[in-house]
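# Residue-level structure breakdown
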Amino acid sequence: MNEWIEKSKSAEHDQQTFSYEDFTELINLNSKKYIRSTATYILDMITYFTDKNSNKGGQILFENDHHDAAAVYGQDRTIKEVINILESFQEEGINNKFILLVGPNGSAKSSFVKKMMKGMEVYSEKEEGSIYTFSWIFPIESHTKGSLGLSQQAFSSQNGHLSSYAYLDDKEISAILPSDLKDNPILLVPTEHRRNIIDNLLSDDPEYLKIVKKTSIYNGDMSKRNKMVYDALLKNYKGNHRDVLKHVRVEKFNISKRYSHGAVTIEPQLHVDAQMQQITMDKRLASLPPSLQSLNLFQMQGQLTMSNRGILEFSDLLKRPLDTYKYLLQTMETSNINLNGILTELDIFFIGTSNEIHLNAFKQHPDYNSFRGRFKFIRAPYLLNFFEEQKIYETQVKSLSLKSHFDPHAISALCLFAVMTRLRSPLSKNYSDKNLANILTKFTPLQKALFISNIKNIPEDLSSDQKQLVQQNADIFYNEFINENLYEGKFGLSPREIKTFIYEISAEKDVITFLEVLDGLGELIQRKSDFDFLNMTPQGDYHNPIRFIEQIKNHCIHSFDKELRDCLGLIDNRSYDEYIKRYISNINAQIKGEKVKNEITGKFVDPDEYFMKEFEKSISIKEDSHKFRSHLISKLGAYYLDNPGVQIEYSQVFPELMKSLKESFRNEQKIYIQMLDKSIVFYEKYLDLQKSEESSMSATNKKEIENILSVIQTLQERYKYSKKGALSILKFVLNAKY
């Protein structure tokens, strides 16, 4: 049981602390790693978690579940805007904006920040993300001499003396004074010398050097307390910096939200976020050298100081009285905070969250204009991509799997409904292309939701030219309302409410199909006092939840119908375009008295009259076949004249043939599927007999029962339906569609 104790004694632990001299050797090996502002560090962290085969920044971080930070899906635009802001901070050398994530309740704003903090935690534990600060080490008397209790000459390991106190055991140390702001160790070098060092270290990367020159690493200084300690030691050592640096122990520190190390969240409350406390009166530090005890040393405390070199989140910022964060105006502008007359330099990524209601109230405040220039508002709306929405509930559904089974289309139906409640009806005035406007304004909420989720999900009744026009202008369609106050994703059913719905329905049902989901949604939309989106004025099918449910039901029936046909081996895999092309080639050759090329043998043969008649029989032509054929050839000729050089797509030139062929095939299948309805009657009777322990099949209905058993088993194996759910939906679809 205690094997972990030995295993935990890793070599990695030995690399947590360094003398200052050893640390400078690390800087020489990888300068950029140790000379990073917070903005650069966070950008490097996001890059670390970005899939090299994807252009989605930080995808690995945001879409992976951590036990203390749930995955965040579909917020690509928000991530991109945050990255853009960080890049501007990097260029300017100062974090001069407060990032405020704004969106409706439950839109993953806090989860987004939590993910960024988690990324910093994980990254800081990696070699690539190592961060260092330092402490002052004061040894016990046996190691010291002189007025400070410190040697007046540099010790060296060669003459038996110490060159640094960094590696002393605790029993050999009388006092440790940590860096209250977790200052970067390179700030120990006086400014002028530090600049020269950085210039030399980054001479081979002028672009990065240009960035660093604007930061506090290049121009700033240590915290007030560190500066006082350094100056006192330097004075005692008669200006010998090497002796001062003997007292420096460089320490690796890990970002930790739990312990408020570089990742801090301030909840809405009334208190200042930073303060100072005198520590030279602290009895625990009585063993400091006398010359330091005579100084008025102060310990900086509070969330601001704990978050330096990291992230500080103001949760629900605008719930706090404005006076409690007015100081942020000055801090944003200069990266300094004034505490008791001491100007303290900070390197913090400030980010906060707020809902739309509090933001609207904030905009009415007289001081709003003062804040607006220092705030960057980034929207975090509800998702409009129902595929991404489904991912939010995967963990929850999995955790409920022992008591409830969610059949295919159950969660997708719920997510489609949620997305449809967040959409607005397209407006013609927003599109300069009238043809495009005419197409898009006819999209139903379901069609719009499906298209937003996948550009290939486009209404089948559109022509190829119309489909191409819509796909070419997809971004315009997606962003139609992005700059409006009532943007899509600002309203609608929230993920929190969906999670509650999932828990409630799973408590009532052991098997949940899309039928149970839609029934539950039918009850939910009666609760108008609980959901604001139910009180929006309908615009056609938009903002019309009754129509949402009807459209989703038809969509799910259509999806199940395709799965059923697949299970029955009735999927139509033939190429309609090739089928029509063969027919047109034959009738064209017949009319012209020519031969057609046999694609298999390569020989030219007479037109296939039998094939042509079978084709015409399948589409049930009502007129004389000669007239019908002549009409098609005339239409083909007209198309050639109107579209010179364009490759022919026969299914597009003759859409009526395509429609008739598909209808014919469906009618052939319909007869077979209708037979299942009769078989279900025998199957249910068989189930009743099983319950009464009379499970024998009669010879007359054995085949029908086996057919249903086969269909249900295939639905289970191929599409992961439950036995109960498959039977329930099968009965419903056969009744509704056949």
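Before any of the text, the structure's been laid out above.
Notes on the structure follow. Because the structure is a prediction, the values reported are computed rather than measured.

Size it by volume and the largest pocket reaches roughly 1,900 Å³. Together, 47 residues line the largest pocket, and Glu460, His558, Lys562, Lys662 and Arg666 are the ones closest to its centre. The dominant element in the lining of the largest pocket, judged by the number of residues it contributes, is helix α28 (residues 545-567), at 11 residues. Tallied by class, residues from the lining of the largest pocket come to 16 nonpolar, 15 polar and 16 charged. Approximately 1,200 Å³ is the volume attributed to the second largest pocket. Arg77, Thr78, Pro381, Asn479 and Ile482 are the residues nearest the centre of the second largest pocket, which is lined by 35 residues in total. Of the residues forming the lining of the second largest pocket, the biggest block, six residues, is contributed by helix α7 (residues 76-92).

This part is about the nonpolar core. In this structure, Phe406, Phe417, Phe443, Val470 and Val517 are the most contacted members of the largest nonpolar core, which totals 80 residues. When residues of this core are assigned to their parent elements, the largest contribution, 10 residues, is made by helix α21 (residues 410-420). When neighbours within four sequence positions are excluded, Val517 is seen to be in contact with Ala410, Ala413, Leu414, Phe501, Ile505 and Ile512. Phe138, Leu201, Val212 and Leu233 belong to the second largest nonpolar core, which has 38 residues in total.

This paragraph deals with the environment of Phe514. Position of Phe514 relative to the elements: it lies in helix α27 (residues 514-524). In this view, Phe514 contacts His409, Ala410, Ala413, Lys553, Cys556, Ile557 and Ile729; residues no more than four positions away in its chain are not counted.

Turning to helix α12 (residues 224-236), a few remarks are in order. Between its first and last C-alpha, α12 extends 18 Å over 13 residues, near the 18 Å set by a 1.5 Å rise per residue. Within the sequence span of α12, burial applies to Arg225, Asn226, Val229, Tyr230, Ala232, Leu233, Leu234 and Asn236. Lys238, located one to two residues past α12, shows a positive phi value of around 60°.

Right, let's get into the side chain of Lys448. Within the fold, Lys448 resides in helix α23 (residues 445-453). Look past the residues within four positions of Lys448 in its chain and what remains in contact with it is Leu423, Arg424, Pro426, Phe443, Phe477, Phe481, Glu488 and Tyr542.

Before going further, it helps to spend a moment on the packing of α28 against helix α34 (residues 702-719). As a packed pair, α28 and α34 sit with axes 10 Å apart at the nearest point and diverge in direction by 110°. In terms of orientation, α28 lies roughly perpendicular with respect to α34. Crossing hand, α28 versus α34: right-handed. Touching Phe560, Glu563, Leu564, Asp566 and Cys567 of α28 are Val711, Thr714, Leu715, Arg718 and Tyr719, all from α34.

Looking at the secondary structure, you find Ile99 in strand β2 (residues 98-102). Distance from Ile99 to Phe349, taken between C-alpha atoms, is 8.4 Å for residues 250 residues apart in sequence.

What counts, and at which threshold
Residues numbered from 1 in each chain as written. Predicted model: local features only at pLDDT ≥ 70, side-chain atom pairs only at ≥ 80, totals over all residues. Heavy atoms only, no water. 1 Å grid on protein atoms, 1.4 Å probe; cavity = no way out; pocket = protein on both sides within 12 Å on 5 of 7 lines; lining within 4 Å. Points joined across faces, edges and corners; volume = space filled by probe spheres on them. Helix = DSSP H or I, 4+ residues; strand = E, 2+ residues; numbered from the N terminus. Nonpolar A, V, L, I, M, F, W, Y, C, P; charged D, E, K, R; others polar. Core = buried A, V, L, I, M, F, W, Y, C linked by side-chain atoms within 4.5 Å. Buried < 20%, exposed > 50% of the residue type's maximum accessible area, 1.4 Å probe, protein only. Contact = heavy atoms within 4.5 Å. Expected span 1.5 Å × (residues − 1). Axes fitted to C-alpha atoms, helices over the stretch in contact; angles between N-to-C directions. Parallel < 35°, antiparallel > 145°, perpendicular 65-115°, else oblique. Left-handed = near helix turned anticlockwise from the far one by under 90°.

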